[in-house]
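# Fold and geometry: a report
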Amino acid sequence: MTDHVLVERPEAYPGVQVIRFNRPEKKNAITREMYAKMTNALAVAGADPAVRVTAFLGTEGCFSAGNDMADFLAFAMGGTMGNEVLDFLRTLAGAKKPVVSGVDGLAIGIGTTIHLHCDLTLASARSVFKTPFVDLALVPEAASSLIAPRIMGHQRAFALLAAGEPLEAADALQAGLIWKVVDAVEAETLSLAARLAKKPPEALRIARDLVRGDRSDVLARIDEEAAHFAAQLKSAEARAAFEAFMRR
């Protein structure tokens, strides 16, 4: 079976590690196993001096449709959720080296909120960012309820995270969710990552830390959101929403 997450170090882009969603038949929906592999890749990147930048990419027309709904439904029906999602979010939020991302097409749920933890995100003009948490009787995750209002203000953050309104690429750019709208997403994302990888690493680390600031409030919000998320997953309204989704 083809790996649903590919971890690559392209020879043409020294110092860059790529984490690529590779489950196009399911719109790159993320399973617990995929989260675990991404967490490991981030940890390896953080410890390996040969890796200076990590780049997240999806497939043509789809970055990620978010968490695999089958995992949500299994938990709602009495299964165990595991720590894979939380481990990934904490590792991503605490990454010590730059993280960039390139989006082409759909970016749903965690497929949107992941970019709040990226230092630079590029997107194609056809990209759409959407977080239908409340529509599924769930709540925001990945500290998005803290970071998004800081970046885009209350109104846009509420529209995205609570109302579930989509952000097209131009709107995401205006809101500060992404850095640029580009044509060749993968090539330009990798080129950007390679340029960062060539910079003096210690100076870049310090500059990044100063820009990002202390992350303790972000990590605390990830845990706070996760508690609400887990409780909602067990709710009758969430179970009904998941079952309706799976019947589509």
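The rules behind the values
Sequence order as written defines residue numbering, which begins from 1 separately in each chain. Totals for whole chains, interfaces and linings use every residue, but because this is a predicted model, local features are given only for residues with pLDDT of at least 70 and side-chain atom pairs only at 80 or more, for both listing and counting. Computation of side-chain values: all heavy atoms of the structure, hydrogens and water removed. Paired strands are those between which DSSP finds at least two bridges. Helix and strand labels come from DSSP, where a helix needs a run of H or I of at least four residues and a strand needs a run of E of at least two; each type is numbered from the N terminus. What counts as an axis is a line fitted to C-alpha atoms, over the stretch in contact for a helix, and the angles between N-to-C directions run from 0 to 180 degrees. Under this scheme an angle from 65 to 115 degrees is roughly perpendicular, one under 35 degrees roughly parallel, and one over 145 degrees roughly antiparallel; angles in between are oblique. The crossing is said to be left-handed when, going from far helix to near helix, the turn is anticlockwise and less than a right angle, and right-handed when the turn is clockwise. Contact criterion: two residues are considered in contact whenever any of their non-hydrogen atoms come within 4.5 Å of each other. Gly falls in the polar group here, along with every residue not listed as nonpolar (Ala, Val, Leu, Ile, Met, Phe, Trp, Tyr, Cys, Pro) or charged (Asp, Glu, Lys, Arg). When a carboxyl oxygen of Asp or Glu is within 4 Å of a side-chain nitrogen of Lys or Arg, the pair counts as a salt bridge. Under the scheme applied here, a residue whose accessible area is under 20% of the maximum for its type counts as buried, over 50% as exposed, and between as partly exposed, the area being computed with a 1.4 Å probe on protein chains only. When the centres of two rings from Phe, Tyr and Trp lie within 6.5 Å, Trp using its six-membered ring, the rings pair. Their planes under 30 degrees apart give stacked, over 60 give edge-to-face, and anything left gives tilted. Here, the term nonpolar core denotes a set of buried Ala, Val, Leu, Ile, Met, Phe, Trp, Tyr and Cys residues that are joined through side-chain atoms within 4.5 Å.

Taken together, the six strands give an open sheet; going across it, the order is E1-E2-E3-E5-E7-E10, and neighbouring strands pair in mixed fashion. Looking at the sheet topology across the chains shown, the edges are occupied by strand E1 (5-8) and strand E10 (180-181). Taken together, the two bridges between strand E7 (residues 120-123) and E10 define a ladder with parallel strand orientation. Looking across to E10, one finds that Ala123 is bridged to Val181.

A word on the packing of helix H1 (residues 32-47) against helix H3 (residues 84-93). Two numbers describe how H1 lies on H3: the axes approach to 8 Å, and their chain directions differ by 30°. The orientation of H1 with respect to H3, classified from their angle, is roughly parallel. The way H1 lies across H3 gives a crossing that is left-handed. Contacts from Arg32, Tyr35, Ala36, Met38, Thr39, Leu42 and Ala43 of H1 reach H3 at Glu84, Val85, Asp87, Phe88, Thr91 and Leu92. When its residues are assigned to classes, the contact of H1 with H3 shows eight nonpolar, two polar and three charged.

Across all of its chains, the model carries 13 salt bridges by this definition. Note that Arg126 and Asp104 form a salt bridge whose closest N and O atoms lie 2.7 Å from each other. Residue Arg126 is located in the loop between E7 and strand E8 (128-130), and its partner Asp104 is located in the loop between strand E5 (99-103) and strand E6 (106-108); the two are separated by 22 residues in the primary sequence. Accessibility expressed as a relative area gives 14% for Asp104, which makes it buried. For Asp119, the salt bridge identified is with Arg208, shortest N-O distance 2.7 Å. Here Arg208 lies in helix H8 (residues 201-212) and Asp119 lies in the loop between helix H4 (110-113) and E7, a separation of 89 residues in the sequence. Each of Glu8, Arg20 and Glu186 takes part in salt bridges that share partners, so that together they form one network.

It is worth spelling out the sheet that holds strand E9 (residues 167-168) at this point. Pairing is mixed in the open sheet, where four strands are placed in the order E4-E6-E8-E9. Single-partner strands in this sheet number two, and they are strand E4 (62-64) and E9. Relative to E8, E6 is paired through three bridges, and the arrangement is parallel. Each bridged residue has a counterpart across the sheet, and for Leu106 the counterpart in E8 is Val128.

With that settled, consider the packing of aromatic side chains. Scanning all chains against the criterion turns up five aromatic pairs. With a centroid separation of 5.2 Å and 90° between ring planes, the pair formed by Phe21 and Phe63 is classed as edge-to-face. Note that Phe21 is positioned in strand E2 (residues 16-21) and Phe63 in strand E4, a separation of 42 residues in sequence. Given a relative accessible area of 0%, Phe63 falls into the buried group. Ring centres of Tyr35 and Phe88 lie 5.7 Å apart, and the angle between their planes is 50°; this geometry places the pair in the tilted category. Linking Tyr35 in helix H1 with Phe88 in helix H3, this pair joins segments that are 53 residues apart in sequence. The same class applies to Tyr35 as to Phe88, namely buried. Through pairs of rings, three or more aromatic residues link up here, namely Tyr35, Phe56 and Phe88.

In E7, alternate side chains face the same way, and those of Leu120 and Leu122 on one face and Thr121 and Ala123 on the other are all buried. Relative to E7, E5 runs parallel, the two sharing four bridges. Across the sheet, residue Gly102 finds its bridge partner in E7, namely Leu122.

Let us now look at the nonpolar core. Membership of the largest hydrophobic core comes to 56 residues, with the highest contact counts inside it found for Met38, Phe56, Phe88, Phe129 and Phe242. At seven residues, the largest contribution of residues to this core is made by helix H5 (residues 144-161). Beyond its immediate sequence surroundings of up to four residues, Phe88 is in contact with Tyr35, Met38, Thr39, Leu42, Phe56 and Ile114. In this structure, Val18, Val182, Ala193 and Ala194 belong to the second largest nonpolar core, which totals 16 residues.

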